[in-house]
Amino acid sequence: MARTTLSVEADEAPQTPPPQTPAPPPPPPPPLLSMARIAMIMRMITLVFLVLSVSLLASNSTTVRVGDSTTTVHFNDVYAYRYALATGVIGLSYTFMHLISSLQQVRSGLLLNDPKILLYEFLGDKVILALVATGVGAAFGATVELKAKMDDLEDAFELYLETTAFAPIVSKFDDFFNRAYIPTIFLLLAFLSTGVSSILSSLALTNKTT
């Protein structure tokens, strides 16, 4: 009788549930989607740099007083600055257009794998990269050369005419050219970030065609 009771109690003892295996982690995003996110971030950074460059360059001006007359010098009085602004505006338009496309792809998770579109982005990034590079070179070169010419002109006035009347004018132009360095630096940073976007578009096209 005692043996039967022990056997029943053993059968009625609560059984511990088996340990549950943890759920597997979610699969990582595909490499192309990760690359698209990086490209979107780089285009955002490029857009910010271009907006700063264009706005600062377009607002650069100085007022020079010579005797009783006053003259205002704007950025568009220097052709190199006009060209740099044009390259910045073109790059800004191109980057904004592709940024909208990148945002739509990342949000939907559906990537555009059409080789024609990838080829268009590949060639477009290369053209914009070269265009912005020429704008950076033109703006930097003009700023350095014009600052040097103004300093030489001031030295010539002091040497041959023995007057420092030209010094306030040179100071005004120095401020004008020094302010031009800032948007040119932003344009240079936009060139570098566009270079990263160009590399990413090259990788996307290579992955599709191989």
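Everything numeric in this text was worked out from a predicted model, so none of it was measured.

1. A few points about the overall build of the protein
At step 1: The secondary structure content of the protein amounts to five helices and two strands.
At step 2: Listing the helices and strands of the protein from first to last along the sequence gives α-α-β-β-α-α-α.
At step 3: Partitioning the contacts of the protein with sequence separation of at least 6, the portion at a separation of at least 24 is 80%.
At step 4: Accessible surface computed for the protein: about 13100 Å², of which carbon and sulfur atoms make up 68%.

2. Quick notes on the side chain of Ser201
At step 1: Tracing the backbone shows Ser201 in helix 5 (residues 167-209).
At step 2: Within the local environment of Ser201, its side chain forms a polar contact with the side chain of Asp125, the two groups lying 3.0 Å apart.
At step 3: With residues up to four places along the chain from it excluded, the contact list for Ser201 reads Glu121, Phe122, Asp125 and Lys126.

3. Points about the nonpolar core
Most often, soluble globular proteins have nonpolar side chains that are buried together.
At step 1: By size, the foremost hydrophobic cluster in this structure holds 26 residues, and its most contacted members are Val78, Tyr81, Phe173, Phe176, Phe177 and Leu187.
At step 2: When contributions to this core are tallied by element, the ones reaching two or more residues are helix 2 (31-58), helix 3 (79-108), helix 4 (115-160) and helix 5.
At step 3: A total of eight residues in this core trace back to one element, the largest contributor, which is helix 5.
At step 4: Discounting residues that sit within four places of it in the chain, Phe177 has contacts with Tyr81, Thr143, Leu146, Lys147 and Met150.
At step 5: Counting seven residues, the second-largest nonpolar core is a separate cluster that includes Ala39, Met42, Leu118 and Leu205.

4. Considering the pattern of salt bridges
At step 1: Across all of its chains, the model carries two salt bridges by this definition.
At step 2: For Arg43, the salt bridge identified is with Asp125, shortest N-O distance 3.2 Å. You can see Arg43 sitting in helix 2 and its partner Asp125 sitting in helix 4, a full 82 residues away along the chain. In this structure, Arg43 and Asp125 share a single accessibility class: buried.
At step 3: A salt bridge links Lys147 to Asp174, with the shortest nitrogen-to-oxygen separation between them at 3.5 Å. Taken as a pair, Lys147 in helix 4 and Asp174 in helix 5 lie far apart in primary sequence, 27 residues in all. Of the two residues, Lys147 and Asp174, neither departs from the other in class, the shared state being buried.

5. A look at the packing of aromatic side chains
At step 1: By the definition in use, this model includes five aromatic pairs.
At step 2: Site record: aromatic cluster; members linked through ring pairs are Tyr81, Phe173, Phe176 and Phe177.

6. Some details on the side chain of Ser202
At step 1: Considering the arrangement of structural elements, one finds Ser202 in helix 5.
At step 2: Within the structure, the side chain of Ser202 is placed 2.9 Å from the backbone oxygen of Ser198, a separation counted as a polar contact.

7. Things to note about a nonpolar patch on the surface
At step 1: A cluster of nonpolar side chains, Val48, Leu52, Leu56 and Ile182, forms an exposed patch at the surface whose accessible area comes to about 300 Å².
At step 2: Here the nonpolar patch gets three residues from one element, more than from any other, and that element is helix 2.
At step 3: In this structure, Leu56 sits in helix 2.

8. Topic: the UniProt feature "transmembrane region" (unreviewed entry) in the protein
At step 1: UniProt tags residues 40-59, 79-97, 118-140 and 180-205 as "transmembrane region" (unreviewed entry).
At step 2: Helix and strand shares over residues 118-140 are 100% and 0% respectively, and the end C-alpha atoms of the span are 33 Å apart.
At step 3: Taken as a whole, residues 180-205 contains 100% helix and 0% strand, while its terminal C-alpha atoms sit 37 Å from one another.

9. Digging into the environment of Thr87
At step 1: On the secondary structure map, Thr87 appears in helix 3.
At step 2: Along the chain, Thr87 and Leu50 lie 37 residues apart, while their C-alpha atoms are 9.6 Å from each other.
At step 3: Non-local contacts of Thr87, meaning those with residues more than four positions away in its chain, are made with Leu131, Val132, Thr134, Gly135 and Leu187.

10. Overview of the confidence of the model for the protein
At step 1: Chain-level pLDDT for the protein is 79 on average; 74% of the residues reach the 70-or-more range.
At step 2: Within the protein, helix 3 carries the highest mean pLDDT (88), whereas helix 1 (residues 2-12) carries the lowest (47).

Cut-offs and rules
- Residues numbered from 1 in each chain as written.
- Predicted model: local features only at pLDDT ≥ 70, side-chain atom pairs only at ≥ 80, totals over all residues.
- Heavy atoms only, no water.
- Helix = DSSP H or I, 4+ residues; strand = E, 2+ residues; numbered from the N terminus.
- Contact = heavy atoms within 4.5 Å.
- Areas by Shrake-Rupley, 256 points an atom, 1.4 Å probe, with all protein chains shown as cover.
- Polar contact = N/O pair within 3.5 Å; in protein donor to acceptor, adjacent residues only side chain to side chain.
- Core = buried A, V, L, I, M, F, W, Y, C linked by side-chain atoms within 4.5 Å.
- Buried < 20%, exposed > 50% of the residue type's maximum accessible area, 1.4 Å probe, protein only.
- Salt bridge = Lys/Arg side-chain N within 4 Å of Asp/Glu carboxyl O.
- Phe/Tyr/Trp six-rings, centres within 6.5 Å; stacked < 30°, edge-to-face > 60°.
- Patch = residues over 30% accessible without salt bridge, like charges linked within 9 Å, V, L, I, M, F, W, Y side chains within 5 Å.
- UniProt positions renumbered as here; feature names shortened; annotations may be inferred.
- pLDDT = per-residue confidence, 0-100.

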